[in-house]
Amino acid sequence: MQYKNAEMDQIKKIALVAHDNKKQELIDWVSKNLQQLSRHTLFATGTTGALIESELNLSVHKLISGPLGGDQQIGAKITTGEIDVLIFFWDPFEPMPHDPDVKALLRIAAVWNIPIACNLTSADFLISSPLIEESYARSIPDYEQYLASRN
């Protein structure tokens, strides 16, 4: 696979996802970082997005609930460049019926080379990076070149 650069704007498109046992932790984290996050475009799976909007009065593009396909919707948005950053507070102690979707989402985020925070500490490190407020060129798979080479 060949790679090319894709530019992330200063205003990032950030996906916020949390399993049920981690939703309050994510809401508390968003509240703590409200001023900074409000400068970016936010996406979330259904229930998480609704909670963030109602509790913090913050505009969020809500997708469907994770178990109903919201994780896959976010994955699709990552592949099309519509998501730059993934904040995903997942619960390692609670098996989920949609665990394959969770694994697929994390895999897609890694393939398309976007920053991923899976817990409070990594989210703190990510949001405090100066790169969150700057344009940034990331290396992504050159899918068009890949398809052309198969003909």
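Cut-offs applied
Throughout this document, residue positions are counted from 1 along each chain, in the order its sequence is written. The model is predicted, so local features are restricted to residues of pLDDT at least 70 and side-chain atom pairs to those at 80 or more, both for listing and for counting; the totals for chains, interfaces and linings are taken over all residues. Think of the side-chain values as coming from all heavy atoms in the structure, minus any hydrogens and water. Helix numbering and strand numbering both begin at the N terminus, where a helix is a DSSP run of H or I of at least 4 residues and a strand a DSSP run of E of at least 2. It is over C-alpha atoms that the radius of gyration is taken, and the globule rule equals 2.2 Å times the number of residues to the power 0.38. Burial classes follow relative accessibility: with a 1.4 Å probe on protein chains only, a residue under 20% of its type's maximum area counts as buried, one over 50% as exposed, and anything between as partly exposed. Two residues form a contact once any of their heavy atoms are found within 4.5 Å. Where accessible areas are quoted, they stem from the Shrake-Rupley method and a 1.4 Å probe; at the residue level, only the protein chains shown are allowed to cover. Positive charge is attributed to Lys and Arg, negative charge to Asp and Glu, and no charge count is given to His or to the chain ends. All charge positions are set by atom: Lys at NZ, Arg at CZ, Asp at CG, Glu at CD. Nonpolar cores were defined as sets of buried Ala, Val, Leu, Ile, Met, Phe, Trp, Tyr and Cys residues, with membership established by side-chain atoms within 4.5 Å. Note on definitions: salt bridges are taken to be side-chain nitrogens of Lys or Arg within 4 Å of carboxyl oxygens of Asp or Glu. It is the directions from the helix axis to the C-beta atoms whose arc is reported. Two strands qualify as a pair provided DSSP detects at least 2 bridges between them. Each axis is a line fitted through C-alpha atoms, taken for helices only over the stretch in contact, and angles between the N-to-C directions span 0 to 180 degrees. Patch definition: residues with relative accessible area over 30% and no salt bridge; like charges joined within 9 Å; nonpolar side chains (Val, Leu, Ile, Met, Phe, Trp, Tyr) joined within 5 Å.

Student: What am I meant to see in the overall build of the protein here?
Tutor: A count of helical and extended segments in the protein gives seven helices and seven strands. The C-alpha radius of gyration computed for the protein amounts to 15 Å, which stays within 12% of the reference 15 Å derived for 151 residues, consistent with globular compactness. Each principal axis of the C-alpha distribution contributes one length, and for the protein these read about 50 × 35 × 25 Å. Per-residue burial over the protein gives 42% buried out of 151 residues. A fraction of 75% describes how many contacts in the protein between residues 6 or more apart in sequence connect residues 24 or more apart. With the model as given, the accessible surface of the protein reaches about 8,200 Å², and the carbon-plus-sulfur share is 53%. When the 13 positive and 19 negative side-chain charges of the protein are each reduced to one mean point, those points stand 5 Å apart.

Student: Just to check I follow, could you spell out the nonpolar core for this structure?
Tutor: Residues Leu-16, Leu-26, Trp-29, Val-30, Ile-52 and Ile-87 are the most contacted members of the largest nonpolar core, which totals 22 residues. Those elements that provide at least two residues to this core are strand 2 (13-18), helix 1 (23-32), strand 3 (41-44), helix 3 (46-56), strand 5 (85-89) and helix 6 (120-128). With residues near it in sequence (within four places) discarded, Leu-16 still touches Leu-26, Trp-29, Val-30, Leu-42, Phe-43, Ala-44, Thr-45, Thr-48, Ile-52 and Ile-87. Counting 17 residues, the second largest nonpolar core, distinct from the first, contains Ala-6, Val-17, Phe-88 and Ile-114.

Student: Explanation requested: the pattern of salt bridges in the structure shown.
Tutor: A side chain of one charge can pair with a side chain of the opposite charge when the charged atoms of the two come close. With the rule as written, the count across this model stands at eight salt bridges. Residues Asp-124 and Lys-32 are paired through a salt bridge, measuring 3.3 Å at the closest nitrogen-oxygen approach. Of this pair, Asp-124 sits in helix 6 while Lys-32 is found in helix 1, placing the two residues 92 residues apart along the sequence. Accessibility expressed as a relative area gives 24% for Asp-124, which makes it partly exposed.

Student: Can you help me understand helix 1 in this one?
Tutor: The periodicity of an α-helix, 3.6 residues per turn, causes residues three or four places apart in sequence to face the same way. Along helix 1, the positions that sit buried rather than exposed are Lys-23, Leu-26, Ile-27, Trp-29 and Val-30. The buried residues of helix 1 all sit within an arc of 160 degrees when viewed along its axis, so they share a single face. Looking at the buried residues of helix 1, the elements they touch are strand 2, helix 2 (34-37), helix 3, strand 5 and helix 6.

Student: I tried to follow the sheet that holds strand 3 on my own but got confused; where do I start?
Tutor: Read across the sheet, five strands follow the order 4-3-2-5-6 without closing on themselves; strand pairing throughout is parallel. For this open sheet the edge positions go to strand 4 (61-62) and strand 6 (116-117), each flanked by a neighbour on one side alone. As judged from the two bridges shared by strand 5 and strand 6, these two strands associate in the parallel manner. Within the sheet, the bridge partner assigned to Ile-87 lies in strand 6 and is Ala-117. Sitting on the sheet, helix 1 is in contact with strand 2 and strand 5, with an inclination near 145 degrees to strand 2. Where helix 5 (residues 99-111) meets the sheet, its contacts fall on strand 5 and strand 6, and the angle it forms with strand 5 comes to roughly 150 degrees.

Student: Any chance you could explain a nonpolar patch on the surface here in plain terms?
Tutor: Among the surface-exposed residues, Met-1, Tyr-3, Tyr-143 and Leu-147 lie close enough to one another that they form a single nonpolar patch of about 430 Å² accessible area. Looking at the secondary structure, you find Tyr-3 in strand 1 (residues 3-8).

Student: How do you make sense of the environment of Cys-118 when you look at a structure like this?
Tutor: Assignment of secondary structure puts Cys-118 in the loop between strand 6 and helix 6. The class for Cys-118 is partly exposed, based on a relative accessible area of 25%. Separated by 109 residues in the primary sequence, Cys-118 and Asp-9 have C-alpha atoms spaced 23 Å apart. Not counting residues up to four positions away in its chain, the partners in contact with Cys-118 are Phe-88, Phe-89, Trp-90 and Leu-106.

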